[in-house]
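# Results of the structural survey
The residues making up each chain are set out below.
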Amino acid sequence: MAEDPQRNFRSVYYEKVGFRGVEEKKSLEILLKDDRLDIEKLCTFSQRFPLPSMYRILVWKVLLGILPPHHESHGFVMRCRKEQYKDVHHALQVIRFIKDSTPQVEVFLRIYQLESGKLPRNPSLSSEAEDEVFLAIAKAMEEMVEDHIDCYWLISSFVNQLNNKYKDSIPQLPKLLEQYLSLEDSGLLTHLKLCSAMDHLPYNLWFRKCFAGCLPESSLQRVWDKVISGSCKILVFVAVEILLTFKMKLMALNSAGKIQQFLENIPQDNTDAIVSKAIELWQKHCGTPAHSV
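Residues numbered from 1 in each chain as written. Predicted model: local features only at pLDDT ≥ 70, side-chain atom pairs only at ≥ 80, totals over all residues. Heavy atoms only, no water.

## With respect to the overall build of the chain
Helix and strand content of the chain: 16 helices and zero strands. Taken over C-alpha atoms, the radius of gyration comes to 21 Å for the chain, in line with the 19 Å a tight globule of 293 residues would show. Partitioning the contacts of the chain with sequence separation of at least 6, the portion at a separation of at least 24 is 70%. In the chain, 36 positive and 37 negative side-chain charges are present, and the distance between their average locations comes to 2 Å. (Helix = DSSP H or I, 4+ residues; strand = E, 2+ residues; numbered from the N terminus. Rg over C-alpha atoms; globule rule 2.2 N^0.38 Å. Contact = heavy atoms within 4.5 Å. Lys, Arg positive; Asp, Glu negative; His and termini not counted. Charge placed at Lys NZ, Arg CZ, Asp CG, Glu CD.)

## Some words on the packing of aromatic side chains
For the structure on display, the rule yields 13 aromatic pairs. On the numbers, 6.5 Å between centres and 80° between planes, the contact of Tyr203 with Trp206 is edge-to-face. Pair noted here: Tyr203 and Trp206 are both in helix 11 (residues 203–208), with a separation of three residues, about one helical turn. Residues Tyr203 and Trp206 agree in their burial class; the two are buried. The interplanar angle of 80° and the centroid separation of 5.3 Å between the aromatic rings of Phe246 and Phe262 together place this pair among those described as edge-to-face. Residue Phe246 is found in the loop between helix 13 (234–245) and helix 14 (247–252), and its partner Phe262 is found in helix 15 (residues 256–263); the two are separated by 16 residues along the sequence. (Phe/Tyr/Trp six-rings, centres within 6.5 Å; stacked < 30°, edge-to-face > 60°. Buried < 20%, exposed > 50% of the residue type's maximum accessible area, 1.4 Å probe, protein only.)

## Quick word on unusual backbone geometry
Not every positive phi belongs to a glycine, and Ser196 is a case in point at roughly 60°. You will see that Cys210, though not glycine, has its phi angle at about 55°, which is positive. For Cys210, the position within the fold is in the loop between helix 11 and helix 12 (217–228).

## Some words on the confidence of the model for the chain
When pLDDT is averaged along the chain, the result is 91, and 90% of the positions lie at 70 or above. In this model residues 1–19 is a low-confidence stretch, pLDDT under 50, and it forms 10 contacts with partners more than four residues away in sequence or in other chains. (pLDDT = per-residue confidence, 0-100.)

## Considerations on the nonpolar core
Core analysis: the biggest nonpolar cluster contains 99 residues, and Trp206 and Trp224 have the highest contact counts within it. Dropping the residues within four chain positions of it, Trp206 is found in contact with Leu177, Leu201, Phe211, Cys214, Leu235, Ala239, Ile242, Leu243 and Leu263. (Core = buried A, V, L, I, M, F, W, Y, C linked by side-chain atoms within 4.5 Å.)

## A word on the pattern of salt bridges
Considering all chains together, one arrives at seven salt bridges under this definition. In this structure, Arg56 and Asp225 form a salt bridge, with 2.9 Å as the shortest nitrogen-oxygen distance. Taken as a pair, Arg56 in helix 4 (residues 53–63) and Asp225 in helix 12 lie far apart in primary sequence, 169 residues in all. The class for Arg56 is buried, based on a relative accessible area of 5%. Given the relative accessible area of 0%, Asp225 is considered buried. Of the charged contacts, one joins Asp185 and Lys247 as a salt bridge, the two residues approaching to 2.8 Å between their closest N and O atoms. One end of the pair, Asp185, is in the loop between helix 9 (173–184) and helix 10 (186–194); the other, Lys247, is in helix 14, and 62 residues separate them in sequence. (Salt bridge = Lys/Arg side-chain N within 4 Å of Asp/Glu carboxyl O.)

Written out as structure tokens, the structure is:
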């Protein structure tokens, strides 16, 4: 099918004046007007384009199953979820697991633990590794979402997606990182191996916590768009692009410990560019999903 030259002209014009996403936003609005939201098309859109900030939370809630596809049910479902949150919150206050001074992210953790049957017998028991992952994601999500009840459901549903849908995939990501890094820069990979750094890269931060605590909000949202809509593989390409971006710095470091320390605290000034390049790399190696409205 021949491309529409008028559409191409508009797209180039929009991009030059800083409105690259104008047509994409219109396409999403068409999808969101359907009485029954098409989950597959929303996933495809989210894989191809960054979600406009004004629609991001709604799309995430639908893709994570917090809201059903039918528009007319949204109000009722969220009222039920609000009541459920309040009931569990009150129960935790009664058994003295939380109080008014408890940090909000810890409140989220306790509600999640009680809902999933993992509440410890004693609130003073030390945190498990999975709790640390939850708290990292909760802190990042709290910066993105104003309403704390929406925030809780997004955190818990996202964590469940990672623990269930991606349970078998996430442990494979370090191998994929090595594979794609060898294709993009074999010299850098050789250096990291000589320093014994490949076994000590911050995989927990990158892949378990999905870069929560590593990337700032604006960059992290774009990565999570892809994860929530069906691709945890994007995490590999963000990691690859971080390594490529800071190649000169990494080549100057000669110990696994120093490399790990640097990568756990990367500079925050160009992370949007890193994520943009990572998405291009992901599309190059994995293809771009077809989009239809």
